[in-house]
Amino acid sequence: MKTVRLILILILSAAGAWAQGGGVVEGRLVNRTDPALLPSGAPLEILELEGGMKPIRTAVADAAGAFRIEGLPRSERLMLRASWQGVNYHSPLGFDAGGVARVELEVYETTDSDADIRVEKVRMAFELAGDRIRALETWTLHNRTRPPRIYAHPAGTFRISKAPGLLEPPRMRVTAPGSTMPLVQPALESADGASYYTLYPLRPGLTVVEAEQALPYADRRYTFVKKFYRAIEAFQIGVVPGDMLLEGAGIARLE
């Protein structure tokens, strides 16, 4: 009886291990700029989201942009990452009852021209926080390329001027088209020290970029100087608390 029980335990353990590692992801990459340009050979990674997006499997798309990756842990939160022309694309994975996750991931050709990048809206907010001011810029950028392309540039895709007396590097967050979750992006300082920028590629559609700067306000006075790197028609300013005095050329209060 002891021998039989041991065999049963081994069999059950093996079945459990297979269920944990028996997941399969299959699908294809689709080029939305030109479907005839197949993203063959695109590098693929399966990322385990718990503990910081750790790669656990790698593969490449075949000549038609298709792929199949086996042996995935079905009990973990996983994401597929594909790279095409230097831009990363992501898709969360969800396994069906048979342990298969099916994915169709859109990719685009890139352009380094910003001729079709339009500023739709700019909002600026200044909030009192002890002996400093929190300055937040929110930009809505519209990538209107036709056919659709991703805008990417080694000198940056979005830039803000460095505010006088900046207390710490700014914080940047980007919300991609169709997403509700902003992604934190590193704020890279320009060689001349006058601005900060992000390399985040702008996908077709509306992208929201938030940039937050901490400014000194110990003597309850601050002169904010800003350079705009993109043409805008107007922008809105909000101040908290409302009784803070805001003065400047061309600034009018809206009641």
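All values reported here derive from a predicted model rather than from experimental measurement.

1. Examining the packing of aromatic side chains
Stage number 1. Applying the stated criterion to the full structure yields 5 aromatic pairs.
Stage number 2. Consider the rings of Trp139 and Phe158, whose centres lie 5.4 Å apart with planes at 70°: the pair is edge-to-face. With Trp139 in strand 10 (residues 132-143) and Phe158 in strand 12 (residues 158-161), this residue pair connects regions lying 19 residues apart in the sequence. Each member of the pair, Trp139 together with Phe158, is buried.
Stage number 3. Taking the centre distance of 6.5 Å and the plane angle of 45° together, the rings of Tyr222 and Phe224 count as tilted.
Stage number 4. Aromatic rings pair up to connect Trp139, Phe158, Phe228 and Phe235 into one cluster.
Stage number 5. Positioned above the aromatic ring of Phe228, the side-chain terminus of Lys226 is 5.1 Å from the ring centre.

2. Examining the sheet that holds strand 3 (residues 54-60)
Stage number 1. A sheet is described by the order of its strands in space; here 4 strands give the open sequence 3-2-5-6, paired in antiparallel fashion. The open sheet has two edge strands, strand 3 and strand 6 (87-92), and neither has a second partner. Neighbour-to-neighbour, the strand axes of this sheet turn through a mean angle of 25°, independent of strand direction.
Stage number 2. The sheet contact formed by strand 2 (residues 43-48) and strand 3 spans 6 bridges and is antiparallel. If you follow Pro43 over to strand 3, its bridge partner there is Val60.

Definitions and cut-offs
- Residues numbered from 1 in each chain as written.
- Predicted model: local features only at pLDDT ≥ 70, side-chain atom pairs only at ≥ 80, totals over all residues.
- Heavy atoms only, no water.
- Phe/Tyr/Trp six-rings, centres within 6.5 Å; stacked < 30°, edge-to-face > 60°.
- Helix = DSSP H or I, 4+ residues; strand = E, 2+ residues; numbered from the N terminus.
- Buried < 20%, exposed > 50% of the residue type's maximum accessible area, 1.4 Å probe, protein only.
- Lys NZ or Arg CZ within 6 Å of the ring centre and 35° of its normal.
- Pairing = 2+ DSSP bridges.
- Axes fitted to C-alpha atoms, helices over the stretch in contact; angles between N-to-C directions.

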